[in-house]
Amino acid sequence: MRAVDIIIRKRDGEELSREEIEFFIDGYTRGEIPDYQASAWAMAVMLRGMNERETTDLTMAMAHSGEMLDLTGVVPIAVDKHSTGGVGDKTTLVVEPIVAACGLPVGKMSGRGLGFSGGTLDKMESIPGYRTNLSREEFIAQLRKEGLVLTGQSGDLAPADGKLYALRDVTGTVPSIPLIASSIMSKKIAGGAQAIVLDVKIGLGAFMADLGEGRKLAHLMVAIGALSGRKVIALLSDMNQPLGNAVGNALELREALDTLRGNGPEDFREHCLVAASYMLVIGRKAANLESARTMAEAALESSRALASFRRLVQAQGGDVRYVDEPDRLPAAPLIETVTAPRAGYLLGINAREVGETSVELGAGRARKEDSIDHAVGIVIHHKVGDFVEGGEDLFTIHANNAAKLAAAKERLLAAHQWSTEPAPALPLFYDVIG
Ligand code: URA
């Protein structure tokens, strides 16, 4: 078999066999197939597509390119949740403790912020001492003992994806549905997941702006799950406006803690309860969505979910005083609340603009090696559809520098779109697939 023949076959729109896909991924992972051939192949896949069978074979080849975590015998069923990334998406910080408090163990490997979208690990690291680099042994031991882990991805899971993703990033081949689906699913499968709730974000502040494309991605990942013997449910959720109110690491953590204490923004709380309910169903802890919802609400209202979060922080070396007294969390030196310049209905709050502004304030990275400021960010005070009086609080900026604060203010004012006519609220979810 030769790499060039596989590239040619895909270039000409032919279906690749499992052997060809395995040969290509194996050769690429081992450095025998060079980047220039992998680039040509990725572009051929991007332009010609792949069917469900090919995409599943690609997913499994990438999953098997490194270590495969086997959680059988550690937990009755390994459940996972994955968000395709958004702005203000601190869902994991609340959903995982709810699910664990309902008696369903959950071990999760999360990522860092990418572009304008935030990352769970960065949020958790607002707590001094919290470790996000657990070894495989530590991961398994903590999952057994505490039923709850939240750490970074171990270095050797799906290395083919790491290599290919970096190449796609610089060759214009990121927005390919089969390549995205296999990238996400290979990491989940290598991490041992048997049942997965996918939160596919759609909108201005998401990877996918178009509902039709998001639907295709969701269907494909559900199909990969079925063909590889994993149960997958995909929620299609809105990401045109930020989720909840807070954007920025410590601010989001604080909002998650508020929610775990029974408060928090209504949209965020609802989003978490829905995601947790699906996890409880696919994890076979609840017979149906209705009883799952009752369990999830009870875990939140009884503070058992908060107690789970506290246990998680303690188990991973974090200082629990920051959970008990969130006022200890890093705070920015400059805090300014900006009021509405006019009265009207909010027609849009551009999530991408809010996310990018937060990155510019220092909450995210322009380059992988950049350090971040956990304290900075934005709190939005309204949702799309709200009527706001002129002079009412619109948003609060948490900054570490006056020039950045001034720039953020202009950008955020422009990110709010107004109407004199009543504007419809945005849905939380568009569909559920699987
Ligand atoms: N997230 C991933 O993990 N992979 C992609 O290709 C896109 C988003």
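About the cut-offs
Residues numbered from 1 in each chain as written. Predicted model: local features only at pLDDT ≥ 70, side-chain atom pairs only at ≥ 80, totals over all residues. UniProt positions renumbered as here; feature names shortened; annotations may be inferred. Pairing = 2+ DSSP bridges. Helix = DSSP H or I, 4+ residues; strand = E, 2+ residues; numbered from the N terminus. Axes fitted to C-alpha atoms, helices over the stretch in contact; angles between N-to-C directions. Contact = placed C-beta atoms within 7 Å. pLDDT = per-residue confidence, 0-100. Parallel < 35°, antiparallel > 145°, perpendicular 65-115°, else oblique. Nonpolar A, V, L, I, M, F, W, Y, C, P; charged D, E, K, R; others polar.

By the naming in an unreviewed UniProt entry, the chain goes by Pyrimidine-nucleoside phosphorylase and is assigned to Longilinea arvoryzae. UniProt lists a comment for the chain under the heading Subunit (unreviewed entry), and it reads "Homodimer." What UniProt states about the chain under its Sequence similarities (unreviewed entry) heading is, verbatim, "Belongs to the thymidine/pyrimidine-nucleoside phosphorylase family."

Bridge count between strand β8 (residues 344–349) and strand β10 (residues 387–388): 2 bridges; the pairing is antiparallel. Its bridge partner lying in β10, Tyr 345 is registered against Phe 387. Sheet topology note: the β8/strand β12 (residues 416–419) ladder contains 4 bridges and is antiparallel. Within β12, the position partnered with Leu 346 by the bridge is Trp 418.

Before going further, it helps to examine the sheet that holds strand β13 (residues 429–433). In spatial order, the strands read β1-β4-β5-β13; together these 4 strands make up an open sheet with mixed pairing. The sheet is open, and its two borders are formed by β1 (79–83) and β13, each paired with just one other strand. With strand direction ignored, the average angle separating the axes of adjacent strands in the sheet is 15 degrees. Pairing analysis gives 5 bridges linking β1 to strand β4 (residues 195–202), with the strands arranged parallel. Paired with Asp 80 across the bridge in β4 is Ile 196. Those strands touched by helix α10 (residues 211–227) are β4, β5 (231–238) and β13, and its axis lies near 165 degrees from that of β5.

Okay, the confidence of the model for the chain next. The predicted model of the chain averages 95 in pLDDT, with 100% of residues at 70 or higher. For this predicted complex, the interface confidence comes out at an ipTM of 0.96, alongside a pTM of 0.94.

Where helix α5 (residues 91–101) contacts helix α14 (residues 304–315), the axes come no closer than 8 Å and their chain directions differ by 105 degrees. When the interaxial angle is binned, α5 and α14 end up roughly perpendicular. Facing Pro 97, Ile 98, Ala 100 and Ala 101 of α5, the residues of α14 in contact are Arg 304, Ala 305, Ser 308, Phe 309 and Leu 312. Here the contact of α5 with α14 is composed, by residue class, of 7 nonpolar, 1 polar and 1 charged.

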